[in-house]
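Examination of the molecular architecture
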2 protein chains.
Amino acid sequence: MSSTTRRAYHHGNLREALLDAAEQSIEASGPRGLSIRGLARAVGVSHAAPNSHFPDRQALLDALARRGFERLGDLLEQACLSADVVQSSLETRFRGTMAAFVKFATDHPELLDLMFVRKRANHDPSSQLEAAANAALNPISRLIDEATGAGILAPGDRGRQWYLLAALTRGIAALVLSGDIQPEAIETLLTDATATFLRGNAPDP
Amino acid sequence: MSSTTRRAYHHGNLREALLDAAEQSIEASGPRGLSIRGLARAVGVSHAAPNSHFPDRQALLDALARRGFERLGDLLEQACLSADVVQSSLETRFRGTMAAFVKFATDHPELLDLMFVRKRANHDPSSQLEAAANAALNPISRLIDEATGAGILAPGDRGRQWYLLAALTRGIAALVLSGDIQPEAIETLLTDATATFLRGNAPDP
DNA sequence: ACCTGAACACCGTTCAAGT
DNA sequence: ACCTGAACACCGTTCAAGT
């Protein structure tokens, strides 16, 4: 019965097999190195077979990005929760969530790029991709609400604080991916960023 | 005599003509839409002609990125200086510099992407590209030094403050380019980011 | 030195045809 | 429904040959 998973490659499983191969390819040689024909070859089907599952190359990349957001969302969620269980301070949880994002970036640099290109080429706000993107970043909103409730963050405009935190997080990831920060300095930067954000947005005493 | 600039297209001017065409193409349809053959066509030379000026496609992209850093450097410099002349506060100048970066991002989104991919594909720390990149971001360092001198920033680790400011700046640009921020919210975010950075890194009283 | 033209090994996408 | 094979119009890069 376990043979079912092994055998049924060309019937029903092709879509996922292609996405798996695509993710490997992308991390190895960037999105530009990804070719539909190469994927088909790697999986052992004809070069036109992928077309049955993805109308064009971009659709495959979108599906890849969507999977990425789902995984990123899980990681951020975990970072929030596990920090909670250990009864850590809110500052630690902020830092942990940013750190989780940055770890995802270093683990899957090309995938992250793919995920955040969106709006430029493709822009359908009702797509599953956008839904996944919004869902993934939800933990950040909840953390901000919690901190506001605890009196650690000024109860100002929730959106403005979200933007700030999102900018910091993505900015750090960008610095790391472009190689503009020395790897040893990342931990310090995460700590500094958390402290700066909280201090800069603390309620007036 | 002005005919010299107009005529001498295929002798001596080709390199720049290709780069100009490349920049147009890239902003119109992304780096993926850029083809050497297409450029050659647009400029009116044979498809192999570009090879006399750029050993391969990547070399052309690198040259494009280098030009981008030179222009970005000029803009940041200007943002610093012009704000100085008007005798503005240091806070205004911080904001102005970040705003200049973000404006460059919205004006040349694809070019900016190209500029900051570096380290992943290509990584020669002694290249002219890297030199241009470092030079471009110099104004930020000078601004931090100035603010430290004026007692507005804590005289801690210069590098740590640089990383923070760079992360904020690039993060905001990233939010804008990926469409994750409403355009009307950008000005507010720039103000909030400046205030948060300065407040979060102010010297202890 | 700079450019051309042919050649080679790739692409994505379409489409009739098979199962 | 899912896949194949041929076909079409593209690529980047190399290289002998021209000027």
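The structure contained in this document is the topic of the report that follows. Remember, it's a predicted structure, so these values are computed and weren't measured experimentally.

**Some details on empty space enclosed by the protein**
Taken as a whole and assessed by the stated rule, the structure comprises four cavities of 30 Å³ or more. Counted as a void, the largest cavity has a volume near 60 Å³. In terms of lining residues, the largest cavity is bounded by Phe101, Leu137, Ile140, Trp162, Ala166, Thr169 and Arg170 of chain A together with Leu175 and Asp180 of chain B. Considering every element that reaches the lining of the largest cavity, the biggest residue donor is helix α9 (residues 158-178) of chain A, with four residues.

**What about the relation of the copies chain A and chain B?**
With an RMSD of 0.0 Å, the operation that places chain A on chain B is a rotation of 180 degrees combined with a shift of 0.0 Å along the axis. Taken together, the rotation and translation relating the two chain copies correspond to the operation of a two-fold axis. Scanning chain A for the C-alpha nearest the rotation axis identifies Gly171 of chain A, at a separation of 1.8 Å. A shared interface surface links the copies, since 100% of the contact residues of chain A are contact residues in chain B too.

**A word on the interface of chain A and chain B**
Facing the 37 residues of chain A at the interface are 38 residues of chain B. Between chain A and chain B, a total of about 3,300 Å² is buried, with carbon and sulfur atoms accounting for 53% of that surface. Viewed at the interface, chain B and chain A are joined by six salt bridges. The partner of Asp180 of chain A in a salt bridge is Arg118 of chain B, and the shortest N-O contact between them spans 2.6 Å. One can count 16 residue pairs in polar contact (both at pLDDT 80 or more) joining chain A with chain B. When contributions to the side of chain A that touches chain B are tallied by element, the ones reaching two or more residues are α6 (109-117), α9 and α10 (186-200) of chain A. In terms of residue count, α9 of chain A provides more of the side of chain A that touches chain B than any other element does, 14 residues in total. Here the residues of the side of chain A that touches chain B sort into 17 nonpolar, eight polar and 12 charged.

**Let's talk about helix α7 (residues 128-136) of chain B**
Residue and element names in this part refer to chain B. Regarding α7, the residues found buried are Leu129, Glu130, Ala132, Ala133 and Ala136. Considered in projection along α7, the buried side chains sweep an arc of 160 degrees and stay on one side of the axis. In α7, those exposed residues whose orientation departs by more than 90 degrees from the buried face are Gln128 and Asn134.

**Some thoughts on the packing of helix α2 (residues 14-29) of chain B against helix α3 (residues 36-43) of chain B**
The description of two packed helices rests on the angle between their axes and on the distance between the axes. Residue and element names in this part refer to chain B. With their axes 9 Å apart at the nearest point, α2 and α3 run at an angle of 115 degrees to one another. For the element pair α2 / α3, the angle class is roughly perpendicular. Once α2 is placed against α3, the crossing between them reads as right-handed. Residues Leu14, Ala17, Leu18, Ala21, Ala22 and Ser25 of α2 touch α3, and the partners they reach there are Leu39, Ala40 and Val43. Counted by class, the contact of α2 with α3 contains eight nonpolar, one polar and no charged residues.

**Considerations on the packing of helix α5 (residues 90-107) of chain A against helix α8 (residues 138-149) of chain A**
Residue and element names in this part refer to chain A. It is the contact of α5 with α8, at a shortest axis distance of 11 Å, that shows an interaxial angle of 165 degrees. One element, α5, and the other, α8, form an angle in the roughly antiparallel class. The handedness of the crossing between α5 and α8 comes out as left-handed. Along its contact with α5, which presents Leu90, Arg93, Phe94 and Thr97, the element α8 presents Ile140, Leu143, Ile144, Glu146 and Ala147. Of the residues belonging to the contact of α5 with α8, the class tally is six nonpolar, one polar and two charged.

**Points about helix α3 (residues 36-43) of chain A**
Listed in full, the buried residues belonging to α3 of chain A are Gly38, Leu39, Ala40 and Val43 of chain A. One or two residues past the end of α3 of chain A sits Gly44 of chain A, with phi positive at roughly 90 degrees.

**Some remarks on the pattern of salt bridges**
Residue and element names in this part refer to chain A. With the rule as written, the count across this model stands at 29 salt bridges over all chains. For Glu16, the salt bridge is made with Arg67, and the minimal N-O distance between the two is 3.2 Å. In this pair, Glu16 sits in helix α2 (residues 14-29) while Arg67 sits in helix α4 (residues 57-85), placing the two residues 51 residues apart along the sequence. A salt bridge links Glu130 to Arg118; the shortest N-O distance between them is 3.0 Å. Here Glu130, found in helix α7 (residues 128-136), pairs with Arg118, found in the loop between α6 and α7; they are 12 residues apart in sequence, far enough to count as distant. There is no split in this pair, since Glu130 and Arg118 are both buried.

The rules we used
Residues numbered from 1 in each chain as written. Chains lettered and ligands numbered in written order. Predicted model: local features only at pLDDT ≥ 70, side-chain atom pairs only at ≥ 80, totals over all residues. Heavy atoms only, no water. 1 Å grid on protein atoms, 1.4 Å probe; cavity = no way out; pocket = protein on both sides within 12 Å on 5 of 7 lines; lining within 4 Å. Points joined across faces, edges and corners; volume = space filled by probe spheres on them. Helix = DSSP H or I, 4+ residues; strand = E, 2+ residues; numbered from the N terminus. Least-squares fit on C-alpha atoms with pLDDT ≥ 70 in both. Contact = heavy atoms within 4.5 Å. Buried area = accessible area lost by both parts, 1.4 Å probe. Salt bridge = Lys/Arg side-chain N within 4 Å of Asp/Glu carboxyl O. Polar contact = N/O pair within 3.5 Å; in protein donor to acceptor, adjacent residues only side chain to side chain. Nonpolar A, V, L, I, M, F, W, Y, C, P; charged D, E, K, R; others polar. Buried < 20%, exposed > 50% of the residue type's maximum accessible area, 1.4 Å probe, protein only. Arc of directions from axis to C-beta. Axes fitted to C-alpha atoms, helices over the stretch in contact; angles between N-to-C directions. Parallel < 35°, antiparallel > 145°, perpendicular 65-115°, else oblique. Left-handed = near helix turned anticlockwise from the far one by under 90°.

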